[in-house]
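Each chain, letter by letter, is given below.
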Amino acid sequence: MRSAFGLCLALCAAAALAQTRTPAETVDAFHAALRNKDTAGALSLLDRGLVVYEFGVVDPTVEAYGLRHLPFDMDVAVATQWKLESRRSGGEGGERWVLSTYRVTGKQSDGTPIDQTTLETVILRRSGEQFRIVHFHWSTNDPAYQARAQGARAPR
């Protein structure tokens, strides 16, 4: 009985991963994984060639992002609300892009309020039937938040 249950879980997980998502749906799924603190789900949406530019800091590999800064991004996602204000997407074939503007509100772990506009550029590449994220670039209009984020994300 236990092995049948395990097989069912594996098949359900494979079916969920096999869903074909548009590039925008992939970006939204990544944000949902962050909010849910779903490390495996977030990593499954990232390409092996990922490079992240976030508030003036660079993660040059998917491993660097996953080990050093993904947990920080999850903590921020849990403590904030991201309201999509605008979105454009384009590209063709296996290369696509999604440009989004969010109103981000909430509180940092020290109680400092967050109320800012965050800009997001995402480049995606088709991998089989899926689009995976190869590049994120986040920035904000709040210089104080940017400075705090750089300090929190500095390599140790």
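Look up: the structure comes first, before these words.
The structure displayed is predicted, hence computed values, not measured ones.

Criteria and cut-off values
Residues numbered from 1 in each chain as written. Predicted model: local features only at pLDDT ≥ 70, side-chain atom pairs only at ≥ 80, totals over all residues. Heavy atoms only, no water. Helix = DSSP H or I, 4+ residues; strand = E, 2+ residues; numbered from the N terminus. Expected span 1.5 Å × (residues − 1). Bend = angle between axes of the 7 residues up to and from the residue. Buried < 20%, exposed > 50% of the residue type's maximum accessible area, 1.4 Å probe, protein only. Pairing = 2+ DSSP bridges. Phe/Tyr/Trp six-rings, centres within 6.5 Å; stacked < 30°, edge-to-face > 60°. Contact = heavy atoms within 4.5 Å. Polar contact = N/O pair within 3.5 Å; in protein donor to acceptor, adjacent residues only side chain to side chain. Axes fitted to C-alpha atoms, helices over the stretch in contact; angles between N-to-C directions.

A. Spatial organisation of helix α4 (residues 62–79). Over its 18 residues, α4 extends 24 Å from the first C-alpha to the last, a length consistent with the 26 Å expected when each residue adds 1.5 Å. At His69, α4 shows its largest kink, close to 55 degrees, and the proline Pro71 lies no more than four residues downstream. Here α4 has its buried residues at Val62, Ala64, Tyr65, Gly66, His69, Leu70, Phe72, Asp73, Met74, Val76 and Ala77.

B. Structural view of the pairing of strand β3 (residues 80–92). Where β3 and strand β4 (residues 95–107) come together, 12 bridges link them in antiparallel fashion. Bridge assignment links Lys83 to a residue of β4, and that residue is Arg103. A loop of two residues connects β3 with β4, the two strands running antiparallel in sequence, and Gly93 in this loop sits at a positive phi of about 60 degrees.

C. Just the packing of aromatic side chains, in detail. Across all of its chains, the model carries three aromatic pairs by this definition. Between the aromatic rings of Trp82 and Tyr102, the centroid separation amounts to 5.1 Å while the plane-to-plane angle is 65 degrees, which identifies the pairing as edge-to-face. Taken together, the residues span a long stretch of sequence, with Trp82 in strand β3 and Tyr102 in strand β4 at a distance of 20 residues. We classify Trp82 as partly exposed; its relative accessible area is 29%.

D. Summary view of the environment of Asp47. The residue Asp47 is located in strand β1 (residues 46–54) in this model. A relative accessible area of 13% places Asp47 in the buried class. For the pair Asp47 and Ile133, spaced 86 residues apart in sequence, the C-alpha to C-alpha distance is 5.4 Å. Not counting residues within four places of it along the chain, the set of residues in contact with Asp47 comprises Val62, Arg125, Arg132, Ile133 and Val134. For Asp47, the side chain forms a polar contact with the main-chain nitrogen of Gly49, separated by 2.8 Å.

E. How the structure looks around the sheet that holds strand β6 (residues 130–140). Pairing is mixed in the open sheet, where six strands are placed in the order β2-β1-β6-β5-β4-β3. Either end of the sheet is taken by a strand with one partner, and the two such strands are β2 (57–59) and β3. Pairs of neighbouring strands in the sheet enclose a mean axial angle of 15 degrees, with direction left out of account. Relative to β6, β1 runs parallel, the two being bridged by five bridges. Across the sheet, Val51 pairs through a bridge with His135, a residue of β6. Relative to β6, helix α2 (residues 23–35) is tilted by about 65 degrees, and along the sheet it contacts β1, β3, β4, β5 (113–127) and β6.

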